[in-house]
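# Residue-level structure breakdown
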Amino acid sequence: MNKPFQLRISDCGLRISEDKSVSLFNQQSAIQNPQSNVPLPHYAEVAVPVHVNRTFTYRLPFALQQDARLGSRLLVPFGRKRITGYIVALLQSLDPATELTDTDIKDAEELLDAEPLLTPEVLEITRWVAEYYAAPWGEVLKASLPAGLNATVEQILSITSEGRDELARLPINRTATARARALRLIADNDELPLRIIARHVGEARAGAVARDMERAGWIKLTHRARSVLAKAKRRKAVRLLPLEEHVSPESARALSKAQQRIVEALIDEGGEMGFADLLEAADASASTIQTLEKRRIVEVFVRNVRRDPLATAELPEIEELDLTKAQISALKEIEKPLHAGRYSAFLLHGVTGSGKTEIYIRAMRAALLQGRAAMMLVPEIALTPVFSRRLRAHFGDQVAIFHSSLTTGERFDEWSRLKRGLARVVIGTRSAVFAPVSNLGLIVIDEEHETSYRQQESPYYNGRDVAVVRANREGAVVVLGSATPSLESFHNARSGKYNYLHLPTRIANRAMARAEIVDMREVFARQGRPEVFSEELLAAIEETHARGEQSIILLNRRGYSSFVLCRSCGESIHCPNCDVTLTYHRSEMSIICHYCNHRQPSPSRCPSCQGKYIYYVGEGTEQIEEMLQKRFPTLRIARLDRDTTSRRKLFERAILEFGAGDLDMLVGTQMLAKGHDFPNVTLVGVVSVDAGLALPDFRSAERTFQLITQVAGRAGRGDLAGRVLIQTYHPQHYALKHACAQDYAGFYEEEIRYRKSLNYPPFVALASLLVHGEDFTRTQTTAAEIKKALDDANADRACRILGPAPAPLARLRGEHRIQILIKSRSRPTLREVIDMALAELSARNVDLRSVNLEIDPVNLM
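## Here's the deal with the overall build of the protein chain
Each helix and strand in the protein chain was counted, giving 29 helices and 37 strands. Relative to its length of 861 residues, the protein chain is compact, with a C-alpha radius of gyration of 31 Å against a globular reference of 29 Å. Dimensions of the protein chain, computed from C-alpha atoms along their principal axes, come out at roughly 85 × 85 × 65 Å. The buried share of the protein chain, reckoned over its 861 residues, is 54%. Contacts spanning at least 24 positions in sequence make up 76% of the contacts within the protein chain whose residues lie at least 6 apart. For the protein chain, the accessible surface area stands at approximately 39,400 Å², while carbon and sulfur atoms represent 49% of it. Side-chain charges in the protein chain split into 113 positive and 106 negative, and the spacing between the mean points of these groups amounts to 2 Å.

## What to know about unusual backbone geometry
Residue P459 is reached from S458 by a cis peptide bond, and omega for that bond is 5 degrees. Looking at the element boundaries, P459 is found in the loop between strand 20 (440-446) and helix 17 (463-473). With a phi angle near 60 degrees, R296 is a residue other than glycine that sits in the positive phi range. Positioned with a positive phi, R797 is a non-glycine residue whose angle comes to about 55 degrees. Residue placement: R797 occurs in the loop between helix 28 (776-793) and strand 35 (799-812). When its relative accessible area of 57% is taken as the criterion, R797 is described as exposed.

## Considering the sheet that holds strand 34 (residues 765-773)
What the 4 strands build is an open sheet, ordered 35-36-34-37; its pairing is antiparallel. The two strands at the open ends of the sheet, each matched to only one other strand, are strand 35 and strand 37 (851-855). Pairwise comparison of adjacent strand axes, ignoring direction, gives a mean angle of 20 degrees for this sheet. Note that strand 34 and strand 36 (residues 815-824) share 9 bridges and pair antiparallel. Directly across from S768, in strand 36, lies its bridge partner L821.

## What about a negative patch on the surface?
Together, E264, D268, E269, D277 and E280 make up a region of like negative charge exposed at the surface. Going through the elements one at a time, helix 10 (257-268) and helix 11 (275-282) are the ones with two or more residues in the negative patch. Turning to its location among the elements, E264 is positioned in helix 10.

## Some words on the pairing of strand 4 (residues 43-47)
For strand 4, the buried fraction is high: 5 of the 5 residues fall into the buried class. The side-chain alternation of strand 4 yields two buried faces, one formed by Y43, E45 and A47 and the other by A44 and V46. By the bridge criterion, 4 bridges tie strand 4 to strand 5 (residues 54-59) in an arrangement that is antiparallel. What sits directly across from E45, in strand 5, is T57. Following strand 4, the chain reverses through 6 residues before pairing antiparallel with strand 5.

## Thoughts on the pairing of strand 20
For a regular strand, side chains alternate in direction, first toward one face of the sheet and then toward the other. Summarising burial for strand 20: 7 of the 7 residues are buried, a large majority. In terms of strand pairing, strand 20 meets strand 21 (residues 477-482) through 5 bridges, oriented parallel. Bridging from a neighbouring strand, D446 pairs with G481 of strand 21. Read as a crossover between parallel neighbours, the route from strand 20 over helix 17 to strand 21 is right-handed.

## What about the sheet that holds strand 32 (residues 681-688)?
Read across the sheet, 6 strands follow the order 23-33-32-24-31-30 without closing on themselves; strand pairing throughout is parallel. What marks the edges here is a single partner per strand, and that holds for strand 23 (514-519) and strand 30 (637-640). Each strand axis lies, on average, 15 degrees off the axis of its neighbour in the sheet, ignoring direction. Looking at chain direction, strand 24 (residues 550-555) and strand 32 are connected through 6 bridges and run parallel. Note that in strand 32 the partner of I552 across the bridge is V684.

## As for the pattern of salt bridges
Within this structure, the stated rule accounts for 53 salt bridges. E702 is the salt-bridge partner of R755, the closest N and O atoms lying 2.7 Å from each other. Highlighted residues: R755 in helix 27 (residues 744-757) and E702 in helix 25 (residues 700-712), separated in sequence by 53 residues. By the burial criterion, R755 is buried, and E702 matches it. Put simply, R306, D308, R392, D397, E414 and R417 are held in one network by salt bridges that share partners.

## Points about the confidence of the model for the protein chain
With 92% of its residues at a pLDDT of 70 or more, the protein chain shows a mean pLDDT of 87. Under a pLDDT of 50 for its full length, residues 1-35 has, in the predicted model, 74 contacts with residues more than four places off or in other chains.

## Details of the packing of helix 18 (residues 487-494) against helix 27
Contact geometry for helix 18 and helix 27: axes closest at 11 Å, N-to-C directions at 100 degrees. As judged from the angle between their axes, helix 18 and helix 27 are roughly perpendicular. Contact residues: L487, E488, F490, H491 and R494 in helix 18; Y744, F747, Y748, E749, E751, I752 and R755 in helix 27. Looking at the contact of helix 18 with helix 27 residue by residue, the classes come out as 6 nonpolar, 1 polar and 5 charged.

## With respect to the environment of R599
In this structure, R599 sits in strand 28 (residues 599-601). Beyond its immediate chain neighbours, meaning those up to four positions away, R599 contacts E588, I591 and I592. Polar contacts involving the side chain of R599 include one to the side chain of E588, which spans 2.4 Å. There is a polar contact of 3.2 Å between the side chain of R599 and the side chain of N597.

## A closer look at the packing of aromatic side chains
Tallying each qualifying case throughout the model produces 17 aromatic pairs. Look at F56 and F78: their rings are 5.2 Å apart centre to centre, the planes differ by 85 degrees, and that puts the pair in the edge-to-face class. Here F56, found in strand 5, pairs with F78, found in strand 6 (residues 73-78); they are 22 residues apart in sequence, far enough to count as distant. Among the aromatic residues, those joined into a ring-pair cluster are F490, Y500, F705, Y734, Y744, F747, Y748 and Y754. Taking NZ or CZ as reference, K236 lies 4.1 Å from the ring centre of F275, over its face. Here the guanidinium or amino end of K823 rests over the ring plane of Y760, the centre of that ring lying 3.7 Å away.

## Digging into the state of the cysteines
Taken as a whole and judged by the stated rule, the model has 0 disulfides. Free cysteine: C566, not disulfide-bonded; nearest cysteine sulfur from C609 at 3.6 Å.

## Focus on the nonpolar core
Counting residues in hydrophobic clusters, the biggest one holds 133 residues, and the most contacted among them are L74, I445, V466, L666, L790, I822 and I834. Top contributing element to this core by residue count: helix 3 (residues 120-132), with 7 residues. Discounting residues that sit within four places of it in the chain, I834 has contacts with A767, L790, I822, L853 and I855.

Criteria and thresholds
Residues numbered from 1 in each chain as written. Predicted model: local features only at pLDDT ≥ 70, side-chain atom pairs only at ≥ 80, totals over all residues. Heavy atoms only, no water. Helix = DSSP H or I, 4+ residues; strand = E, 2+ residues; numbered from the N terminus. Rg over C-alpha atoms; globule rule 2.2 N^0.38 Å. Buried < 20%, exposed > 50% of the residue type's maximum accessible area, 1.4 Å probe, protein only. Contact = heavy atoms within 4.5 Å. Areas by Shrake-Rupley, 256 points an atom, 1.4 Å probe, with all protein chains shown as cover. Lys, Arg positive; Asp, Glu negative; His and termini not counted. Charge placed at Lys NZ, Arg CZ, Asp CG, Glu CD. Pairing = 2+ DSSP bridges. Axes fitted to C-alpha atoms, helices over the stretch in contact; angles between N-to-C directions. Patch = residues over 30% accessible without salt bridge, like charges linked within 9 Å, V, L, I, M, F, W, Y side chains within 5 Å. Salt bridge = Lys/Arg side-chain N within 4 Å of Asp/Glu carboxyl O. Right-handed = clockwise from strand over helix to strand, strands pointing away. pLDDT = per-residue confidence, 0-100. Parallel < 35°, antiparallel > 145°, perpendicular 65-115°, else oblique. Nonpolar A, V, L, I, M, F, W, Y, C, P; charged D, E, K, R; others polar. Polar contact = N/O pair within 3.5 Å; in protein donor to acceptor, adjacent residues only side chain to side chain. Phe/Tyr/Trp six-rings, centres within 6.5 Å; stacked < 30°, edge-to-face > 60°. Lys NZ or Arg CZ within 6 Å of the ring centre and 35° of its normal. Disulfide = S-S within 2.5 Å. Core = buried A, V, L, I, M, F, W, Y, C linked by side-chain atoms within 4.5 Å.

This is the structure we're talking about:
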């Protein structure tokens, strides 16, 4: 029944066996060709979306054999459940090496797709993700599809003749048992889903009631795929028909005034309109259209209506800009492999404001002119409104958008357009790397250094690295762009794995913003107390806006106050599920956990001692906005953080209004630092970066350097000089000094020495094993067993194993967390040790469902 993944290990990491990757495409074409002499498949290899690193073989009933395709969804039995799996291979016979017999195999139950949802390209890249990141292939496939397309399976209850006999014996009264009420509901409807029964007898009791009735023979339990949430939107429409020979022109012209208005409205719109739109435009009734339909002058039909995320968007004007010498040189290098149709990877390292986006757009145009498609990945939803409008202005309806703020219907329509080839350019966040684009010619990864390209829940993957591999497999060019490349990417460029392109100056030789460090220790000495804003920053804000210019204020901490403290007993209020304090959000009058989203009303008294002296400590973006509004009441201020981005329209409006000059100041978190181009911004104030520097993570200095350099790059992008003020209690830190000097090379040389001496990436491969569970003792025991298995597999000491130790966030979402880190200078050796250890534990029936394995983790918290 079980079929494990077949892995091949090489010095470059995990690779898919060549013969298997070829066969996947060959199978698809052979089976889809009705003229092929290949016999029909009898079995399907299925990846199921559960936390199991293997695929499963199912028998295909004769009725499914003709229509089964690679990439189609299949309803299959799995244990006591029925779940939706994905066909990843079709077989004429069982492989003898698996030692499976026909009696071991279960029958598949239902084919859910007439046409496969998953393209061969998506199947290939998801298989690589599953193998490289040791992630369940079924989970990766599920994550590759837009929300709403993954059908769920539900239990259907139908009454039997014995059940009807029992119902006849039951008295009809209001105090009937839950079982009697459920049986009567089923009888009244012939059959019902269990979820409907649960509404009447309660979620907790529904399952037990159903099982009792099935054992008694009163009902029959079956499973059925529940319809997907996302479907094409269909609406009635009307179109003009050509005049037929038997319809004379005189007859056609003998129309009433209302009929004439309908015909004229249709002519004005090119001969076709939506039914409701036509009634409104022609000021006519539905009966008038029906009369015209009977006379064969118009036809009423149903058409798909696109839900366009940019339907009402105002597009920017296209400006043909003159490229700098550095831009021309970089574009020529990118176009060489693009025209040759071969894979090549480029690191485009350009200072902020150097014109990287213009190179992206021209490279995309070159790909489209060759009949190939293009993909652009951005790290945050915050960047999509501006970028998507700009791409739409250049490429029209060829652009599709992918991100989580779209409605389910919008996501479905954009995905469908890509799959049908109606859109050839896709822009989106990390999941867009799985977009069903065929003949891919170019992938652009903007702000490639951003950690938000990493998926932080199962299945774990890095969208940037997956994009590089996808480009390699499809013979496409990939461009990784950043003003502050990740150390791993810059190291790859230094070692020749990536081609290095450099844009050292801003467009029109504009000067970089002048950055200054404000020592908050001196501010404290002058004021005799801690201050949120220094005199220098407040004076700079006043001067900036007196000149009619704009400013950005950054604090990478949302909410109103960091935590709540009782001054009587000193107790702070912690999340009941996590080892963190609750953050006060004044707009909701609540204290909230930013990890598990636990919420409770803000207290008027201390929950420990009932003291009334409640003190709110620390500042968040919500309080910063309020303080600045009080200090500068005439300024038009908006806030951008995760709290505001959850409201898509509000967030997009703030970005566009600030770009149009209708706002004076933006206050927000790190999403303000990424990729935005606001020519009138001349001041950037960084309230504090000290918390980021203090994080127990080897990348904390790199992230702080990137954040400050990026946000400093928002200032002075127009013709006006820019200024950046950075408030800190650690003015001597090397990350801050190099960021102020805009000296990436200097920071890289200093940071890379630390990485090399302490054996951290890019000089070693790194993996994290996180053991989690509600029972602390059991979690400790499992972690100790894993450590012993790793030590046994690491007999030659080729890997360094650290831990087990409590994770920096030792408890999260109600579970204790214990971490083990594994380092090795050889990636294949790292995986061999981990795979051997986990296989040995699995053979001993150690429950590994509480273990998260991350390859190349970017967050060790």
